[in-house]
Amino acid sequence: MHKDSSQRTSVLQHVSQNVRRLRHAADMSQTALAEKSGVSRRMLVAIEAGEKNVSLTTLDRVAEALDVAFSDLIQAPDARDPSRINEVAWAGVMPGSKAVLLSKATATREVEQWEWCLQPGEVYPSQPDADGWSEQIYVFEGCLTLMLGEQRQQINKGEFFMFASNQPHSYRNDGDVAAWFVRNVVI
């Protein structure tokens, strides 16, 4: 069993509770939310039941359709400080590979701060974000390979890199030790 599976389970429970609560607050049926988000009704039923391991892209689409921030879907419903998230939002195939949304701050819409760990050989492909979005990466352990389309950018320990994220991009660990990095998404 993946060592972060209990944390991932709690996030799925938070997503389940939050999607249902926010959908009801918006007075939307599952069918209406499916149509507005482009996510199938079957997927929404599974998400609300806490049965579906959902992609970050799908959660982004649901959040946009509900007119809330991504972090509003994964944060514990009873969180006392809404700027502190600290939830595992993605777990990779390789044990130990994960993305933890640490916090958020308000920007034009908001800023998300993430802590990531990619084990050797792990890859995380990302869909292009909306125009105007950007990312800031700081590697504090190992080495990260960032692919911007076909362009390869290596970011070593202690280095940072910023880029417009409205293009296909992915994160890779081509090294032989875990790559730990902080990722800020500016929305």
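All chains use their own residue numbering, which begins from 1 and follows the written sequence. Owing to the predicted nature of the model, reporting of local features is limited to residues with pLDDT of at least 70; listing and counting of side-chain atom pairs is limited to 80 or more, with chain, interface and lining totals taken over all residues. Excluded from the side-chain calculation are hydrogens and water; included are all heavy atoms of the structure.

S.K.: How would you sum up unusual backbone geometry? Please name residues and give values.
M.R.: A negative phi holds for most residues other than glycine; trans holds for most peptide bonds. Positive phi, close to 55°, is recorded for Asp27, a residue that is not glycine. With a relative accessible area of 71%, Asp27 lands in the exposed category. Of note, Asn86 is a non-glycine position whose phi angle comes to about 50°, a positive value. The numbering of helices and of strands both runs from the N terminus, where a helix is a DSSP run of H or I of at least 4 residues and a strand a run of E of at least 2. With respect to the element layout, Asn86 can be found in strand E1 (residues 84-91). Three exposure classes are used, based on accessible area relative to the maximum for each residue type with a 1.4 Å probe and protein chains only: buried under 20%, partly exposed in between, and exposed over 50%.

S.K.: Hey, could you go over the UniProt feature "domain: HTH cro/C1-type" (unreviewed entry) in the chain for me, with residue numbers and the actual values?
M.R.: Per the UniProt record, "domain: HTH cro/C1-type" (unreviewed entry) is found at residues 19-73. Secondary structure content for residues 19-73 is 69% helix and 0% strand, while the C-alpha to C-alpha distance between its ends is 6 Å. UniProt positions are given in the numbering used here, feature names are shortened, and annotations may be inferred rather than shown by experiment.

S.K.: Explain the packing of aromatic side chains to me, using residue names and the numbers behind them.
M.R.: A pair of Phe, Tyr and Trp rings is counted when the ring centres sit within 6.5 Å of each other, with Trp represented by its six-membered ring. The angle between the planes then sorts it: under 30 degrees is stacked, over 60 is edge-to-face, the rest tilted. Tallied over the entire structure, the rule returns eleven aromatic pairs. Ring plane angle 10° and centroid distance 5.8 Å describe the contact between Trp116 and Phe181, whose orientation is recorded as stacked. Linking Trp116 in strand E3 (residues 111-118) with Phe181 in strand E10 (residues 179-186), this pair joins segments that are 65 residues apart in sequence. Across the pair, Phe181 and Trp116 agree in class, each one buried. Centre to centre, the rings of Phe140 and Trp180 are 6.4 Å apart; their planes meet at 40°, and the pair counts as tilted. Residue Phe140 is found in strand E5 (residues 134-141), and its partner Trp180 is found in strand E10; the two are separated by 40 residues along the sequence. Judged by its relative accessible area of 29%, Phe140 is partly exposed. Each residue in the set Phe70, Trp90, Trp114, Trp116, Tyr124, Tyr171 and Phe181 is aromatic and connected to the rest through ring pairs, giving one cluster. Directly above the aromatic system of Trp114 lies the positively charged group of Arg183, at a separation of 5.6 Å from the ring centroid. Definition used: whenever NZ (Lys) or CZ (Arg) falls within 6 Å of the ring centre and also within 35 degrees of the ring normal, the charge is taken to sit over that ring.

S.K.: So, the pattern of salt bridges: which residues are in play, and what are the values?
M.R.: One side-chain nitrogen of Lys or Arg within 4 Å of one carboxyl oxygen of Asp or Glu is enough to make a salt bridge. Applying the stated criterion across every chain, the model contains five salt bridges. Close ionic contact of Asp174 with Arg172 constitutes a salt bridge, the shortest N to O distance being 2.7 Å. By relative accessible area, Arg172 is classed as partly exposed at 22%. Residues participating in the shared-partner salt-bridge network are Arg152, Arg172 and Asp174.

S.K.: Just give me the short version of a nonpolar patch on the surface, but keep the residues and values in it.
M.R.: Residues enter a patch when their relative accessible area is above 30% and they make no salt bridge; the linking distance is 9 Å between like charges and 5 Å between nonpolar side chains (Val, Leu, Ile, Met, Phe, Trp, Tyr). Here, Shrake-Rupley sampling with a 1.4 Å probe gives the accessible areas, and only protein chains in the shown set may cover a residue. A grouping of Tyr138, Phe160 and Met162 is seen on the molecular surface, where their side chains present a nonpolar patch of about 360 Å² in accessible area. Residue position: Tyr138 is located in strand E5.

S.K.: Account for the sheet that holds E5, naming residues and giving values.
M.R.: Sheet strands pair by backbone hydrogen bonding; their relative direction is either parallel or antiparallel. Strand order across the open sheet formed by six strands is E1-E2-E3-E10-E5-E8, with antiparallel pairing between neighbours. Looking at strand neighbours, the two that pair on one side only are E1 and strand E8 (160-164), the edges of this open sheet. Going from strand to strand, the sheet's axes swing by 20° on average, the running direction of each strand aside. A pair of strands is treated as paired once DSSP finds two or more bridges between them. Pairing of E5 with E10 involves seven bridges; the strand directions are antiparallel. Its bridge partner being in E10, Tyr138 is matched across the sheet by Val182. To get an axis, a line is fitted to the C-alpha atoms, and for a helix only the part in contact is used. The angle between two axes follows their N-to-C directions and goes from 0 to 180 degrees.

S.K.: Help me get a handle on the sheet that holds strand E4 (residues 123-126), residues and values and all.
M.R.: One open sheet holds the four strands; their spatial order is E4-E9-E6-E7, and the pairing between them is antiparallel. Lying at the two open borders of the sheet, with one neighbouring strand each, are E4 and strand E7 (151-156). Within the sheet, the average angular offset between the axes of one strand and its neighbour, ignoring direction, is 20°. Strand direction decides the pairing type here: strand E6 (residues 143-148) and E7, joined by six bridges, are antiparallel. Looking at the pairing, Leu144 lines up with Ile155 of E7.

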